[in-house]
Amino acid sequence: RKKIAVMTSGGDSPGMCAVVRAVVRAGIFYGCDVYGCYEGYSGLVQGGDMLKKMEWEDVRGWLSLGGTLIGTARCMEFKERWGRLQGAYNMIVAGIDALVVCGGDGSLTGADLFRSEWPSLVDELVATGKLTESEVAEHRHLNIVGLVGSIDNDMSSTDSTIGAYSSLERICEMVDYIDSTANSHSRAFVVEVMGRHCGWLALMAGIATGADYIFIPEQPPKAGEWQAELKKVCMRHRDKGRRKTTVIVAEGALDDLLTPITSEEVKDVLVEIGLDTRITTLGHVQRGGTAVAFDRMLATLQGVDAVKAVLEMTPDTPSPMIGIVENNIVRRNLVDAVRLTKSVATAIEARDFEKAMSLRDTVFVE
Ligand code: F6P
């Protein structure tokens, strides 16, 4: 009987609970035992009670919940070989031979490293007398499947990460709230949104709320010139009768010299054209709350496919990442997806914005 562990790792996102529910239930449906690995990779390193067998009823009511009820962490120990060695030991002792990880690119990079190191970790556990040959006999290979849980929608090879649309919905709702007070006072608002190095949330929120101006890292404006452009656009909209001004700033926004564009700077520019301006940094409300229908559906379909992938994998199958591309649930090479994701950051660092834009092709609307 196959034993699969499921964990959530890195920043939480709405839909992670639905992932756990889908993996637990699909696993049971296909005749496996499913374990929840609590607190992300920290749970693997600690072992014992942090790896708990989960039953069908344990995940009742989890479909719509925000956050993750099995906890998550950004685990430093797992970045070290000794942490991974301890994780391998705990998994073998618990009899677990497959891992479904739901997290962002950092968590998935860790997952793939763990899998590629697995044979040498097992050898070391035997060589140091921690486990015997017979204890590891059934555990010579580890199957790992990645699911992308992140509000940032920053992973390559998938059109949407689990949680991104919930976060977008929350941002739009907040901007709508701000709109009523902005309209009343005829004010300008600079709204800063999350996304780390990715502008997807800012761009989509800007389009969906009809913002006057949007700053994103992938399409940086010219240093020293964006101020005049921002003034021109906002004044034009005001001249047409608009009573409020909304500027969305991605937290990772930069100019073309890679200098961060801050909400304070944007506010100062708006004040120069006489606009009574306030800054609202949305913060972690963007990550909280229930999952929207799309994320519940995505988490469920991908969670089920993750279990199928575990059951179909051979030792030679590269670790898959479950994505969604043009409305199809697909399996992509996890290592390639992470590499492509990192190459966006590299292109931005090299100021090759055209390349960054083409790598983030799902972000941009022609
Ligand atoms: O990756 C998700 C995210 O919410 C980013 O958008 C943001 O930059 C970061 O995590 C915030 O991290 P923390 O929750 O540790 O403050």
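Keep in mind it's a predicted model, so treat the numbers as computed, not measured.

### Considerations on the site of the ligand
Part 1 of the reasoning: Around the ligand, a shell composed of Arg74, Ile151, Asp152, Met194, Gly195, Arg196, Glu251, His284 and Arg287 is seen.
Part 2 of the reasoning: A distance of 3.3 Å is found between an oxygen atom of the ligand and a side-chain nitrogen or oxygen belonging to arginine 196.
Part 3 of the reasoning: Here an oxygen atom of the ligand and a side-chain polar atom of histidine 284 are 2.9 Å apart.
Part 4 of the reasoning: Residues that form the shell around the ligand fall into these classes: two nonpolar, two polar and five charged.

### Side note on the sheet that holds strand β2 (residues 33-37)
Part 1 of the reasoning: Taking strand neighbours across the sheet as the criterion, the seven strands line up as β3-β2-β1-β4-β5-β10-β11 in an open arrangement whose pairing is mixed. Two strands close off the open sheet at either side, each with one partner strand: β3 (51-54) and β11 (328-333). In this sheet, neighbouring strand axes are inclined to one another by 30° on average, regardless of whether the strands run parallel or antiparallel.
Part 2 of the reasoning: Pairing analysis gives four bridges linking β2 to β3, with the strands arranged antiparallel. Considered in β3, the bridge of tyrosine 35 is made with lysine 53.

### A short note on unusual backbone geometry
Part 1 of the reasoning: Phi is positive for glutamate 39, close to 60°, though the residue is something other than glycine.
Part 2 of the reasoning: Tracing the backbone shows glutamate 39 in the loop between β2 and α2 (41-46).
Part 3 of the reasoning: We classify glutamate 39 as partly exposed; its relative accessible area is 33%.
Part 4 of the reasoning: Residues other than glycine seldom take positive phi values, yet serine 157 does so here, at roughly 70°.
Part 5 of the reasoning: In this structure serine 157 comes out as partly exposed when scored by relative accessible area, which is 24%.

### Some points on the UniProt feature "active site" (unreviewed entry) in the protein chain
Part 1 of the reasoning: Taking the numbering used here, the UniProt-annotated feature "active site" (unreviewed entry) corresponds to Asp152.
Part 2 of the reasoning: Topologically, aspartate 152 is positioned in the loop between β5 (143-148) and α6 (164-185).
Part 3 of the reasoning: Look past the residues within four positions of aspartate 152 in its chain and what remains in contact with it is Gly195, Arg196, Cys198, Trp200 and Leu201.

### Quick word on helix α7 (residues 200-209)
Part 1 of the reasoning: Across the ten residues that make up α7, a large majority, eight, are buried.
Part 2 of the reasoning: Those residues of α7 not exposed but buried are Trp200, Leu201, Ala202, Leu203, Met204, Ala205, Gly206 and Thr209.
Part 3 of the reasoning: Tucked into the core, α7 has its buried residues touching α6, β6 (188-193), β7 (213-215) and β8 (245-250).
Part 4 of the reasoning: Glycine 210, located one to two residues past α7, shows a positive phi value of around 65°.

### Topic: the packing of aromatic side chains
Part 1 of the reasoning: Across all of its chains, the model carries eight aromatic pairs by this definition.
Part 2 of the reasoning: Where tyrosine 165 meets phenylalanine 294, the ring centres are 4.9 Å apart and the plane angle is 65°; that geometry is what we call edge-to-face. Here tyrosine 165, found in helix α6, pairs with phenylalanine 294, found in helix α10 (residues 293-312); they are 129 residues apart in sequence, far enough to count as distant.
Part 3 of the reasoning: With a relative accessible area of 34%, tyrosine 165 lands in the partly exposed category.
Part 4 of the reasoning: On the basis of relative accessibility, which here comes to 26%, the residue phenylalanine 294 falls in the partly exposed class.
Part 5 of the reasoning: Members of the aromatic cluster, connected to one another through ring pairs, are Tyr41, Phe78, Phe114 and Trp118.
Part 6 of the reasoning: A cation over a ring is seen here: lysine 52 above tyrosine 38, with NZ or CZ 4.3 Å from the ring centre.

Conventions used here
- Residues numbered from 1 in each chain as written.
- Predicted model: local features only at pLDDT ≥ 70, side-chain atom pairs only at ≥ 80, totals over all residues.
- Heavy atoms only, no water.
- Near = heavy atom within 4 Å.
- Polar contact = N/O pair within 3.5 Å; in protein donor to acceptor, adjacent residues only side chain to side chain.
- Nonpolar A, V, L, I, M, F, W, Y, C, P; charged D, E, K, R; others polar.
- Pairing = 2+ DSSP bridges.
- Helix = DSSP H or I, 4+ residues; strand = E, 2+ residues; numbered from the N terminus.
- Axes fitted to C-alpha atoms, helices over the stretch in contact; angles between N-to-C directions.
- Buried < 20%, exposed > 50% of the residue type's maximum accessible area, 1.4 Å probe, protein only.
- UniProt positions renumbered as here; feature names shortened; annotations may be inferred.
- Contact = heavy atoms within 4.5 Å.
- Phe/Tyr/Trp six-rings, centres within 6.5 Å; stacked < 30°, edge-to-face > 60°.
- Lys NZ or Arg CZ within 6 Å of the ring centre and 35° of its normal.

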